[in-house]
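Here are the chains, one letter per residue:
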Amino acid sequence: MSTPSAAEQRLRLRTELRRARQAAGLTQRQVAKKMEWSSSKLLRIESGEVGISVNDLRPLLAAYNITDRRLIDTLLDLARGSRKMPYAEYRDVFSKEFLQFLALEASASVCRYFNNLQLPRILQTEEYARAIAESYVGGGLSELHERMLEAQLSRQDVLLGDEGPQVLVMLDEAVLHRQVGGRRVMRAQLLRIAEVCDHPRVTVGVIPFAQGAHPGMRGPFTLFEFAAEGMPDSLHLENPGGEPSGTTLPEETRPYLERFWQLEDLSIKQDVGELVTRLAQRIDEGADDLAALLQE
């Protein structure tokens, strides 16, 4: 069995520490006071935003009255293994929350994405991604934004590489018609989707307009599933600023997993590559959007 990644170990550690604190009947405020920490430090550890050193973990476990030697050694090993997070070279451009999201994504065995506004970043061509970014900043990209774009493209290498996870993408049909970057860019983007549809570990589904209202209209979301035993699913929603807000609480992740299953049932999954290729051809003909209909 392969060694769990740093992100997996951090996720498991934070889950175990939260469980231990609750079993001890302590609140975060009480623990922080006992440890002479700020309340925010324990909050960041339990959220996975930061790791915890072995020197800090030992007295914390004592505060939780954990005496089982095997459990202590396991948690100490998790603390050691969770310190080297991937994408660390982008710490100067991304928030800790987004770096955590990237690390979990790179560690997942199954990645589920739903979007009704734009393509998930892992499927975007560089030109499509650049057009999205420029629309946000209102012009050309700074060096900071260029590095963000670089990181985004490197995510595709991880997820679609030889050792990547199973990737399940559900899209609202509207995403395929929104001409991000103009006709030329969108045509290339659709052909990229068609190419990815041939990937042995990728499934792309489209919820057609004919389905009418559907559960995905509440908004985009991402779910990560992990192979390691005891690792909870991780749910991520984007806040208004574009930052992912994550949770591993089963009462919050389970409804979204069930929603994803509903969307799979409503979607077209067969011959999606052929369908988007035909849509790309229609872009060439200028007969694929509302503007074309208004000109008839």
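Residues numbered from 1 in each chain as written. Predicted model: local features only at pLDDT ≥ 70, side-chain atom pairs only at ≥ 80, totals over all residues. Heavy atoms only, no water.

Visitor: Hey, could you run me through the packing of helix α4 (residues 54–63) against helix α5 (residues 69–81) in this one?
Guide: In a pair of packed helices, the angle between the axes and the distance between the axes together describe the arrangement. One can describe the packing of α4 onto α5 by two numbers: an axis separation of 10 Å at closest approach and a directional angle of 150°. For the element pair α4 / α5, the angle class is roughly antiparallel. The way α4 lies across α5 gives a crossing that is right-handed. Residue-level contacts link Val54, Leu57, Arg58 and Leu61 of α4 to Arg69, Ile72, Leu75, Leu76, Ala79 and Arg80 of α5. Across the contact of α4 with α5, the residue classes tally to 7 nonpolar, no polar and 3 charged. (Axes fitted to C-alpha atoms, helices over the stretch in contact; angles between N-to-C directions. Helix = DSSP H or I, 4+ residues; strand = E, 2+ residues; numbered from the N terminus. Parallel < 35°, antiparallel > 145°, perpendicular 65-115°, else oblique. Left-handed = near helix turned anticlockwise from the far one by under 90°. Contact = heavy atoms within 4.5 Å. Nonpolar A, V, L, I, M, F, W, Y, C, P; charged D, E, K, R; others polar.)

Visitor: I keep staring at the environment of Met186 and nothing clicks. Help me out?
Guide: Following the sequence through the fold, Met186 ends up in helix α10 (residues 183–196). Note on Met186: relative accessible area 0%, which makes it buried. Note: C-alpha distance between Met186 and Thr125 (61 residues apart in sequence) is 9.3 Å. If near-sequence neighbours (up to four positions away) are discounted, Met186 is found in contact with Tyr128, Val175, Leu176, Arg178, Gln179, Val180 and Ile283. (Buried < 20%, exposed > 50% of the residue type's maximum accessible area, 1.4 Å probe, protein only.)

Visitor: Sorry, what's going on with the sheet that holds strand β5 (residues 234–238) here?
Guide: Pairing between sheet strands relies on hydrogen bonds along the backbone, with the strands arranged either parallel or antiparallel. Spatially, β3-β2-β1-β4-β5-β6 is the arrangement adopted by the 6 strands of the open sheet, whose pairing is mixed. At either end of the open sheet lies a strand with only one pairing partner, and these are β3 (202–207) and β6 (244–247). Sheet twist, expressed as the average angle between the axes of neighbouring strands with direction ignored, equals 15°. As paired elements, strand β1 (residues 110–115) and strand β4 (residues 221–225) share 5 bridges and run antiparallel to each other. (Pairing = 2+ DSSP bridges.)

Visitor: I'm lost on the environment of Tyr113 in this one. Help?
Guide: Tracing the chain through its elements places Tyr113 in strand β1. Sequence-wise, Tyr113 and Ser234 are 121 residues apart; in three dimensions their C-alpha atoms are separated by 12 Å. Setting aside chain neighbours within four positions, we find Tyr113 in contact with Glu105, Pro120, Ile122, Leu159, Val167, Leu168, Val169, Met170, Phe221, Thr222, Phe224 and Phe260. At a separation of 2.6 Å, a polar atom in the side chain of Tyr113 contacts the side chain of Glu105. (Polar contact = N/O pair within 3.5 Å; in protein donor to acceptor, adjacent residues only side chain to side chain.)

Visitor: Explain the confidence of the model for the protein chain here, please?
Guide: In low-pLDDT segments, the atomic positions of the prediction should not be examined closely. Mean pLDDT over the protein chain stands at 86; residues scoring 70 or higher make up 91%. Of all secondary-structure elements in the protein chain, the lowest mean pLDDT belongs to helix α13 (residues 290–294), at 50, while helix α11 (residues 250–266) reaches the highest, 96. (pLDDT = per-residue confidence, 0-100.)

Visitor: Teacher, can you tell me more about the side chain of Gln156 here?
Guide: Structurally, the position occupied by Gln156 is in helix α8 (residues 143–159). Given a relative accessible area of 9%, Gln156 falls into the buried group. Of the polar contacts made by the side chain of Gln156, one reaches the backbone oxygen of Arg121; its length is 3.0 Å. At 2.6 Å, the side chain of Gln156 and the backbone oxygen of Gln124 are in polar contact. Setting aside residues no more than four positions away along its own chain, Gln156 makes contact with Arg121, Ile122, Leu123, Gln124, Gly161 and Arg192.

Visitor: Explanation requested: the nonpolar core in the structure shown.
Guide: Nonpolar side chains tend to gather and get buried jointly when the protein is soluble and globular. Counting residues in each nonpolar core, the largest one holds 46 residues, and the members touching the most others are Leu190 and Val204. At 6 residues, the largest contribution of residues to this core is made by α10. With near-sequence residues (within four places) excluded, Leu190 lies in contact with Leu176, Val276, Leu279, Ala280 and Ile283. Grouped together as the second largest cluster of nonpolar side chains are 22 residues, Val54, Leu57, Leu76 and Leu78 included. (Core = buried A, V, L, I, M, F, W, Y, C linked by side-chain atoms within 4.5 Å.)

Visitor: Even after reading the chapter, I still don't get the pairing of β4, so can you show me in this structure?
Guide: The side chains of a regular strand alternate between the sheet's two faces. Of all 5 residues in β4, 4 are buried, a share of seventy percent or more. For β4 and β5, the ladder comprises 3 bridges, and the chain directions are antiparallel. Residue pairing for β5: Phe224 is matched across the bridge by Ser234.

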